[in-house]
Amino acid sequence: MASGPFLLGFMSALSIVVIALVGSYYYLKRTRRRGSNIQGYLDLIPDLSAEQRRKVQEIRKTFLPKVERIRQDLCEKRMVLARTLFSRSADRSGVHTAAEDILRCQSELEHAVIEHILEEKEILNEKQRLDFFNIILRQFAQGGLGVHDVKAQRKF
């Protein structure tokens, strides 16, 4: 049996498989990147005007750094709690004080998000507000701060 046609067929099939895998990789990479560009709830509303998008970006210039500061503070307070919990002489009053600090920080974060939602809501028309309301319901039903909380999901 001649090996030439066999090798040609094998190389053709291998090339097709490689092209399909590379194409799938880039398609999935592009899809993931597009999904990761979501910074907030309003990114989930497709019919925002250019002016509304500009206003959203202005609102985020103050909101996102503020939230990041609160998250950093929250992370530090949780580390203090962990150290207090696992110190040789775990002081219950110290543990409770650390937990109260965390609760205050979480409350500050919730208030910031609520104020941000109220500010964003003002730039929407009635149909967009209804869409926004449904997005908020879905996000809050998941138990977190929704898409604004994506950056807080850290791996340790």
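For every chain, the first residue of its written sequence is number 1, and the numbers climb from 1 along that sequence. In view of the model being predicted, local features appear only for residues whose pLDDT reaches at least 70, and side-chain atom pairs are presented and counted only at 80 or more, with totals across whole chains, interfaces and linings using the full set of residues. In computing side-chain properties, one takes all heavy atoms of the structure into account and sets aside hydrogens as well as water.

Engineer: Honestly, the overall build of the protein chain in this entry has me stumped. Any pointers?
Structural biologist: Starting at the N terminus, helices and strands are each numbered in turn, a helix being any DSSP run of H or I of at least four residues and a strand any DSSP run of E of at least two. Counting its regular elements, the protein chain contains four helices and zero strands. Along the protein chain, helices (α) and strands (β) appear in the sequence α-α-α-α when read from the amino end. Considering only contacts within the protein chain whose residues lie at least 6 apart along the sequence, 70% involve residues at least 24 apart. Surface accessibility of the protein chain: about 11500 Å² in total, with carbon and sulfur atoms responsible for 61%. Any two residues whose heavy atoms approach within 4.5 Å at even a single point are treated as in contact. Here the open area of atoms and residues is found with the Shrake-Rupley method and a 1.4 Å probe, where only the protein chains shown may cover a residue.

Engineer: Explain a nonpolar patch on the surface here, please?
Structural biologist: The grouping of Phe6, Leu7, Phe10, Met11, Leu14, Val18, Val22, Tyr25 and Tyr26 at the surface amounts to a nonpolar patch, some 910 Å² of accessible area in total. Classification of Tyr25 by relative accessible area gives partly exposed; the value is 48%. Patch definition: residues with relative accessible area over 30% and no salt bridge; like charges joined within 9 Å; nonpolar side chains (Val, Leu, Ile, Met, Phe, Trp, Tyr) joined within 5 Å. Here, a salt bridge means any Lys or Arg side-chain nitrogen found within 4 Å of an Asp or Glu carboxyl oxygen. Only protein chains enter the area calculation, which uses a 1.4 Å probe; residues under 20% of their type maximum are buried, those over 50% are exposed, and those in between are partly exposed.

Engineer: Would you take a moment to explain the nonpolar core for this structure?
Structural biologist: Nonpolar side chains in soluble globular proteins tend to be buried together. By size, the foremost hydrophobic cluster in this structure holds 23 residues, and its most contacted members are Tyr41, Leu42, Ile45, Leu48, Ile117, Leu124 and Phe132. Only helix H2 (50-85), helix H3 (92-121) and helix H4 (126-141) provide two or more residues apiece to this core. Ranked by residue count, the leading element in this core is H3, at eight residues. Leaving out residues up to four positions away in the same chain, Leu124 has contacts with Leu42, Ile45, Leu48, Gln52, Arg129 and Phe132. As used here, the term nonpolar core means buried Ala, Val, Leu, Ile, Met, Phe, Trp, Tyr and Cys residues forming a set that is joined through side-chain atoms within 4.5 Å.

Engineer: Teacher, can you tell me more about the side chain of Thr84 here?
Structural biologist: Within the secondary structure, Thr84 is located in helix H2. Any pair of N or O atoms that falls within 3.5 Å is considered a polar contact. Within protein, one atom must be able to donate a hydrogen and the other to accept it, and sequence-neighbouring residues count only if both atoms are side-chain atoms. A polar side-chain atom of Thr84 sits 2.7 Å from the main-chain carbonyl oxygen of Val80. Look past the residues within four positions of Thr84 in its chain and what remains in contact with it is Ala90, Asp91, Gly94 and Val95.

Engineer: Honestly, the confidence of the model for the protein chain in this entry has me stumped. Any pointers?
Structural biologist: Segments scoring low in pLDDT should not have their predicted coordinates read at a detailed level. The pLDDT score gives, residue by residue, the confidence of the prediction method on a 0 to 100 scale. In this model, the protein chain carries a mean pLDDT of 85, and residues with pLDDT of at least 70 account for 87%. The element-level mean pLDDT for the protein chain is lowest in helix H1 (residues 3-36), coming to 82, with H2 highest at 94. Overall, residues 149-156 carries pLDDT values under 50, and its contacts beyond four positions in sequence, including any with other chains, amount to six contacts.

Engineer: Help me out: how do you make sense of the packing of H2 against H3 in this one?
Structural biologist: Relative orientation and spacing of two packed helices are given, respectively, by the angle between their axes and the distance between those axes. At a minimum axis separation of 9 Å, H2 and H3 run at an interaxial angle of 165°. Of the possible angle classes, the one that applies to H2 and H3 is roughly antiparallel. Seen from above, H2 lies across H3 with left-handed handedness. Partitioned by chemical class, the residues of the contact of H2 with H3 number 17 nonpolar, four polar and ten charged. In this description, a line fitted to the C-alpha atoms serves as the axis of each element, helices being fitted only across the stretch in contact, and the angle between N-to-C directions of two axes falls anywhere from 0 to 180 degrees. The labels follow the angle: roughly parallel below 35 degrees, roughly antiparallel above 145, roughly perpendicular from 65 to 115, and oblique for the rest. The crossing is said to be left-handed when, going from far helix to near helix, the turn is anticlockwise and less than a right angle, and right-handed when the turn is clockwise. Only Asp, Glu, Lys and Arg are considered charged, only Ala, Val, Leu, Ile, Met, Phe, Trp, Tyr, Cys and Pro nonpolar, and every remaining residue, Gly among them, polar.

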